[in-house]
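Residues per chain, in single letters:
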Amino acid sequence: FSWNPTPAATGYIVEVFNDKNEKIFEQKTTNTLLKKDLRTAAPYSWQVKAISKEGLESEKSEAFKFTLIGKKLDKPTIEKPDNDFLREVKWQAVE
């Protein structure tokens, strides 16, 4: 995420939302660049607001919508034990 600096801002708050408009991430930073790992094949939106040295917050920026393109990962499959006394857990790797 990157944005233009705001005059007199000493920091920023970045908020990321899922497609249901639920906040999934919020972080304060002093930079105008922030890296964050997100799930692929999912739509998001994000906003940023400035913070002054006195701690005052600006209004939020306009929301920017985007989708990370990529293949969803398959769910691993758990192999059920043959009996209740077996304590070894196994699963199959996803290819």
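Scroll up to find the structure.
First, a word on scope: everything that follows refers to the structure included in this document. (Residues numbered from 1 in each chain as written. Predicted model: local features only at pLDDT ≥ 70, side-chain atom pairs only at ≥ 80, totals over all residues. Heavy atoms only, no water.)

### With respect to the nonpolar core
Counting 13 residues, the largest nonpolar core has Phe1, Trp3, Val14, Val16, Trp46 and Val48 as the members making the most contacts within it. When residues of this core are traced back to their parent elements, those giving at least two are β1 (9–17) and β3 (42–52). Ranked by residue count, the leading element in this core is β3, at five residues. Setting aside chain neighbours within four positions, we find Phe1 in contact with Val16, Thr32, Leu33, Leu34, Lys36, Leu38, Trp46 and Phe66. (Core = buried A, V, L, I, M, F, W, Y, C linked by side-chain atoms within 4.5 Å. Buried < 20%, exposed > 50% of the residue type's maximum accessible area, 1.4 Å probe, protein only. Helix = DSSP H or I, 4+ residues; strand = E, 2+ residues; numbered from the N terminus. Contact = heavy atoms within 4.5 Å.)

### Points about the pairing of β3
Taking burial as the measure, the 11 residues of β3 include 10 buried ones, the bulk of the element. Alignment of β1 against β3, held across eight bridges, turns out to be antiparallel. Across the sheet, residue Tyr12 finds its bridge partner in β3, namely Ala50. Inspection of the sheet shows β3 paired to strand β4 (residues 64–68) by five bridges, in the antiparallel sense. Bridging across to β4, Ala42 finds its partner in Leu68. (Pairing = 2+ DSSP bridges.)

### As for the packing of aromatic side chains
If you walk through the whole model with that rule in mind, you get six aromatic pairs. Linked through ring pairs, Phe1, Trp3, Tyr12, Tyr44, Trp46, Phe64 and Phe66 together constitute an aromatic cluster. (Phe/Tyr/Trp six-rings, centres within 6.5 Å; stacked < 30°, edge-to-face > 60°.)

### A few points about the side chain of Ser45
Assignment of secondary structure puts Ser45 in strand β3. Since its relative accessible area comes to 9%, Ser45 is described here as buried. Other than its neighbours up to four places away in sequence, Ser45 contacts Glu15, Val16, Phe17, Phe64, Lys65 and Phe66.

### Concerning the pattern of salt bridges
Using the criterion set out here, one finds four salt bridges in the structure. One salt bridge connects Glu15 with Lys23, and the closest N-O pair in it is separated by 3.1 Å. Between Glu15 and Lys60 there is a salt bridge whose closest N-O contact spans 3.0 Å. Pair noted here: Glu15 is in strand β1 and Lys60 is in the loop between β3 and β4, with a separation of 45 residues, a long-range link. With a relative accessible area of 3%, Glu15 lands in the buried category. (Salt bridge = Lys/Arg side-chain N within 4 Å of Asp/Glu carboxyl O.)

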